[in-house]
Every structure is written in structure tokens, then in C-alpha cells.
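The primary structure of each chain is shown beneath.
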Amino acid sequence: MNTNRISRWYLLNLAGVGIFCVVMLWLISKFLSSGLYPLASIFIAVVVFFTLVYLRPRLTPFRWMAVGIGIVIIFTLYPILYMFYLSVTNMGSGHLMSKQQAISRLEEQLYLPEDSQTYSWTAYQSSDGEFALWLIAGEGENAGQGLLAIPGEPIEAVEPGTGRVGEPDDKGIPLSIEGYERLDLRQTVPLITRISSLDFGEPPTTVRVSSLQVAAPLVSRYEYDSAEDAIVDLKTNEIYRPIEGTFTSESGEELSPGYIVYIGLRHYKNFLGNSRFREPLLSMLFWNISFAFMSVLVSFAVGLIVTLMFENLPGKRIIRALLIIPWPIPVLVSILIWRSMLHPDLGFVAPILESLVGQSPAWFQDTFWTRFGVIMVNVWLSYPYFYVISAGAIRSIPTEIFDAAVVDGAGAFQKLQHITLPLLLRILMPLLIASFTFNFNNFNVIYVFNFGNPPRPDTIVPMGYTDILISFVYRLAFITSNVTNYGLAAAITVMLFILVGMMVLIQIRFTRLFQEAY
């Protein structure tokens, strides 16, 4: 009986895994046919994992968390691996798709042969927004012949007044077509963009509108020769061969779009080997570390001072509520408020400082003051957090220690130096390290406050004096359209990932040490 039950459950598992594998393999085949090899690879890993878990009795304990592990593989592990993959490719402007997709895009490009027949046209529209054309040949032996052209249907010669074509007007143009309403010129002009984007007829014979008066049969300009692995220009008969993801002719002319190819460690060499690129980035890295360190240090100091000064005052609940006001306000709103307050023309800080000291810092143009302003805004956003954790940590320190220090004659500063700070750092050090790691990648403050500006002169790619690595990666990948380079951005992100990973390992190491010491 037990044997039969086990066999039944095994068969059910086998059937379930079989259905799952069929669906996943179908999906993987779609990814492979589209050239999405990294995504296909990660789904293959998920299929192998699920198959082993549900068919191997030794892996039965993993079944209850198999779905969660699969989700982690797809949504956590895959982006990390894909980032590493992009860092060794040429992905960027003009190279955003697979080879198959690029070839399909090129073969979709049409042109008008010099000796092709042209037509005058009249548009008709159905109630559901579909279009049809009545074509009249302009030259040649078929001049004056009327043709009905509908997207997805063969172009046919029809006499007006027969079939679904209505009676003609004095120019020989049907007054109506069954299911369609004739459009006059005033109605056609607003729709010309939509109409000109449609192919009327059925391949290989299609017609496309080229102006308000003329329609003509367009043919594919490029054809892919799989035997030669080359693109042939059917208009000029020129041959374009692939060179690092770009189809290029012997004369050096390139076709767009290109496709993604493996280029090795070139981006890492550019990052580490080019002084015009390396030196500004090393300076940016130093500022990045300084920004994170100063933000944590000053925020912690302000939070601790606020804790010590206001903790024992009357009405401390109201004071505490006022002190943590910056915390619940959305970060974006707080930064924009600070930006408007410091604005030289619209803000109120500049007039006050000018009336007091005769001048106001250039918060958005001068490098020093912009960096000072960024840190100041970040301290304003961060100190309530440190105030809360400092207040909680101080309450956890036994009061007997302070009482004993008072008996020994210790003053307030000595108690702070020898008791409060050492015990507080012992408790809060893991949180301080975590906060440093967070601020190392604090994109919001840098970008929203001044977009990483003021700009650095004489750099290979645009970057600013207040850019940190993560904001520079964003600028490189998404903002600077002329030099968009996802591969280089991914390479820098990989190095940033490794650096942050080292910080996390240090945090874990320090956390364990303090737990053991405590």
C-alpha cells in the first residue's frame, strides 16, 4: 500500500515536472530565437534546479522553498550576472539588440525603386479606425487604372460600381467602399502620419503613401546573406560585413542598428588604463568615500548632540517630535525644498547671508560649496535616524556606570569620552557601517540637489565634481545620449558592486567581533 502511494506521488511529481519543463523549454526556445542568451541561460538553470529537487529524493527538503529559490535566481541572481555580461559587451548607442533583431530591423527598411509605378490615392476609413486606399496609376501602360489596396489583402483591380466598390464620381474615384467612409483632403491631412506608416497590400507587393498626392510600391532595401554572413544593399549592391557588431562596407560606411557582441575586458582597460579617464574617476572615488564618511560622521555627531542636549528637558515628547520632522518627509521633497531655499535668485538664504556678511556662497557653481551643500542636506535628512538610535542606545547603558563615575569625580566630558562614546560605538558600529554603505550609493541627494554638477572640464565622458560613482554610471548610461555606453557603465557598476561587497563583508566581520566582545 505504501509502495503504491509512493509510486502514485512519484508519478504525479513526474507529470508536474514534465508539464513545467515543457512550458519552460518553450519559453527558453523563444528567448534563444530572439538572441536573449543570458535570459535563456538563467531559465535553463531554474529548470535544472526544479527537475533535480522534484525528482531526486535526497533533495526533497528543498521542495518547500523551491519556488522562492527560483524567484531569487531570476530576479536577484540574473540581474547581477547580466551586469557582468554587459560589462564585457559593446552594448550602448546603436548596439542595443541581438544580431537577429538587428538583421530584422535592417530588412524592414524600405525604399522606392527608380523605375517603380506611382499612384495618386484617396483614403477611406472604417468605423474601427482601419484604412483603405483607392489607387490610380499615373504613368505607363496601366495609366488611369483603379486599384483597391487594404493592409494585409492583395491589391486588386476593381471597376467602380462593382463588388464592394461604390459608384465613381466625375474623377473616377469611388464615392464609397463597403465598410469604409471616404475621406476628403481636410480629413486626410491630420491622419497622414498614421496612413503613411501603413503598408497597403500583401507582401511582396505593397504600397506606401509617400506624400499627400503620391503612393508607390516600396521594397526591402537590405537582405541578409546567411552563407556570407553579410547584408546586401539591394539598391546599390554594396555588401556590409559584421565588424564588432556593426555591418560595415569596404568604404567604411556603417549600418544602424548594430548588435551586441563580446569585446572582452576593453571597458575595464579603458577605466584603469586611460589617464584622462582614470584620474577623474579616482578623484570621484575619493569624493565618493569622503561624502559617505562625512555624511555619517556629521549626522551621527548631530544626532548624539541632540540626544544629550534635549533628552532631559521639560516637554521632551514635543521636542522629540519636532526633531524627527525631516524623517517622515519624502526625501525628494526635502531635497527640492533645500534646492529652492539655496537658489541664488529665488531662495531666501542668499539675501539673508548677503545682508549679514556681504556675500552668499555659489551653492550650485562653486565645487567646494556645492559639496558642502550636498553634505549639509544629507545631514538634515539623516540626523533624525541617528538621534533615534542614539537615544535608544544610551537608554540601554546601565545608569550604575554613570553613578560610579560621578562618585569617582568624573565630569560630564569625561563621562562622555570614557563611558558614553565607547559603549555607544560598541552598540551602534554595525549601523554606522551600514549607513556608510548606504551613503556610498546615495544617488538621490547627489542627483536631485544639483545633478552631479558643476561639470568637470577636459574629461573623456561628461562628469561633474559632485558626481559619485552611482550618479556617474546613471549619467553615462541614460543621460548623455551622444556617448551612451551601457557596457562601460556596467563595468563601472561591477567594480562598484565589488567595492560595496567588500564593505558589506567588513560590516559582517565587525558585527561578529562586537557581538563576541559584548
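This one's a predicted model, so the numbers in the text were calculated from it and none came from an experiment.

A. Geometry of the overall build of the protein. Secondary structure assignment for the protein yields 17 helices and 14 strands. Taking 518 residues into account, the globule formula puts the C-alpha radius of gyration at 24 Å, and the protein, at 35 Å, lies well above it. Dimensions along the principal axes, computed over C-alpha positions, put the protein at roughly 115 × 90 × 50 Å. Every one of the 518 residues in the protein was classed for burial, and the buried ones make up 38%. For the protein, long-range pairs separated by at least 24 residues make up 60% of all intrachain contacts whose partners lie at least 6 apart in sequence. Counting only carbon and sulfur atoms, one obtains 63% of the accessible surface of the protein, whose full area is about 29600 Å². When the 33 positive and 40 negative side-chain charges of the protein are each reduced to one mean point, those points stand 20 Å apart.

B. Summary view of the environment of leucine 432. Summarising the element assignment, leucine 432 is placed in helix H14 (residues 412-440). A residue is classified by how much of its surface remains accessible, and leucine 432, at 10% relative accessible area, is buried. Through-space distance from the C-alpha of leucine 432 to that of phenylalanine 300 is 8.2 Å; in sequence the pair is 132 residues apart. Beyond its immediate sequence surroundings of up to four residues, leucine 432 is in contact with Val296, Phe300, Phe386 and Leu425.

C. View of the pattern of salt bridges. According to the stated counting rule, one finds 10 salt bridges in the structure shown. With its nearest N and O atoms 3.0 Å apart, the salt bridge here joins aspartate 169 to arginine 182. Here aspartate 169 is found in the loop between strand E5 (156-157) and strand E6 (180-182), whereas its partner arginine 182 is found in strand E6, with 13 residues between them in sequence. The class for arginine 182 is partly exposed, based on a relative accessible area of 26%.

D. The pairing of strand E12 (residues 230-233), seen in detail. Side-chain alternation along E12 places Ala230 and Val232 on one buried face and Ile231 and Asp233 on a second face that is also buried. Sheet topology places strand E11 (residues 222-225) next to E12; 4 bridges connect them, and they run antiparallel. When the sheet's bridge partners are listed, tyrosine 222 is paired in E12 with aspartate 233. Taking the residues between adjacent antiparallel strands as the criterion, E11 and E12 are bridged by 4 residues, where aspartate 229 takes a positive phi near 50°. Pairing geometry for E12 and strand E13 (residues 239-243), over 2 bridges, is antiparallel. When the sheet's bridge partners are listed, valine 232 is paired in E13 with isoleucine 239. What sits between the antiparallel neighbours E12 and E13 is a turn of 5 residues, in which asparagine 237 has the positive phi angle 65°.

E. Up close: a nonpolar patch on the surface. On the surface, a cluster of nonpolar side chains totalling about 520 Å² of accessible area is made up of Ile318, Leu322, Ile325, Ile329, Val333 and Ile337. Among the elements of the structure, helix H9 (316-323) and helix H10 (331-342) are those that each provide at least two residues to the nonpolar patch. Among the secondary structure elements, valine 333 is positioned in helix H10.

F. Fine view of helix H7 (residues 266-273). Turning to H7, its buried residues are His267, Tyr268 and Phe271. Taken end-on, H7 shows its buried residues confined to a sector of 100°, consistent with a single buried face. Summarising the geometry of H7, the exposed residues directed more than 90 degrees from the buried face are Lys269 and Gly273.

G. Layout of the nonpolar core. Ranked by size, the top nonpolar core spans 29 residues in total, and within it Phe277, Leu281, Phe300, Phe440, Phe472, Leu476 and Ile492 carry the most contacts. For this core, the secondary-structure elements that each account for two or more residues are helix H8 (275-310), helix H12 (367-395), H14, helix H16 (469-479) and helix H17 (486-517). The biggest single contributor to this core is H8, with 7 residues. Non-local contacts of phenylalanine 277, meaning those with residues more than four positions away in its chain, are made with Asn270, Phe271, Ile460, Val461, Phe472, Leu488 and Ile492. In terms of nonpolar packing, the next biggest core, distinct from the first, is built from 19 residues, Ile335, Trp338, Val445 and Phe449 among them.

H. Local environment of the environment of leucine 77. In this fold, leucine 77 is placed in helix H3 (residues 66-86). Between the C-alpha atoms of leucine 77 and leucine 346, which are 269 residues apart in sequence, the distance is 47 Å.

I. Expanded view of the packing of H8 against H14. Packing of H8 against H14 leaves a shortest axis separation of 10 Å and a crossing angle of 140°. As the angle between them shows, H8 and H14 are arranged oblique. The element H8 and its partner H14 pack so that their crossing is right-handed. When H8 is examined against H14, the residues Leu285, Asn288, Ile289, Phe291, Ala292, Phe293, Ser295, Val296, Phe300, Leu304 and Leu308 are found in contact with a partner set consisting of Leu416, Leu421, Leu424, Leu425, Leu428, Leu432, Ser435, Phe436, Asn439 and Phe440. When grouped by side-chain class, the residues that make up the contact of H8 with H14 number 17 nonpolar, 4 polar and no charged.

J. Fine view of the domain arrangement of the protein. Each domain of the protein was delimited in the assignment, giving domain 1 (2-86), domain 2 (110-220) and domain 3 (271-517). With centres defined by C-alpha atoms, the gap from domain 1 to domain 3 works out at 43 Å. Contact with domain 1, which involves 4 residues of that partner, is made by 5 residues of domain 3. Among the residues domain 1 hides against domain 3, the three largest losses belong to Met83, Phe84 and Leu86. Together they make up 88% of the total. In terms of residue class, the side of domain 1 that touches domain 3 is made up of 4 nonpolar, no polar and no charged.

Here is what the cut-offs are and how they apply
Residues numbered from 1 in each chain as written. Predicted model: local features only at pLDDT ≥ 70, side-chain atom pairs only at ≥ 80, totals over all residues. Heavy atoms only, no water. Helix = DSSP H or I, 4+ residues; strand = E, 2+ residues; numbered from the N terminus. Rg over C-alpha atoms; globule rule 2.2 N^0.38 Å. Buried < 20%, exposed > 50% of the residue type's maximum accessible area, 1.4 Å probe, protein only. Contact = heavy atoms within 4.5 Å. Areas by Shrake-Rupley, 256 points an atom, 1.4 Å probe, with all protein chains shown as cover. Lys, Arg positive; Asp, Glu negative; His and termini not counted. Charge placed at Lys NZ, Arg CZ, Asp CG, Glu CD. Salt bridge = Lys/Arg side-chain N within 4 Å of Asp/Glu carboxyl O. Pairing = 2+ DSSP bridges. Patch = residues over 30% accessible without salt bridge, like charges linked within 9 Å, V, L, I, M, F, W, Y side chains within 5 Å. Arc of directions from axis to C-beta. Core = buried A, V, L, I, M, F, W, Y, C linked by side-chain atoms within 4.5 Å. Axes fitted to C-alpha atoms, helices over the stretch in contact; angles between N-to-C directions. Parallel < 35°, antiparallel > 145°, perpendicular 65-115°, else oblique. Left-handed = near helix turned anticlockwise from the far one by under 90°. Nonpolar A, V, L, I, M, F, W, Y, C, P; charged D, E, K, R; others polar. Domains from an automatic or database assignment. Buried area = accessible area lost by both parts, 1.4 Å probe.

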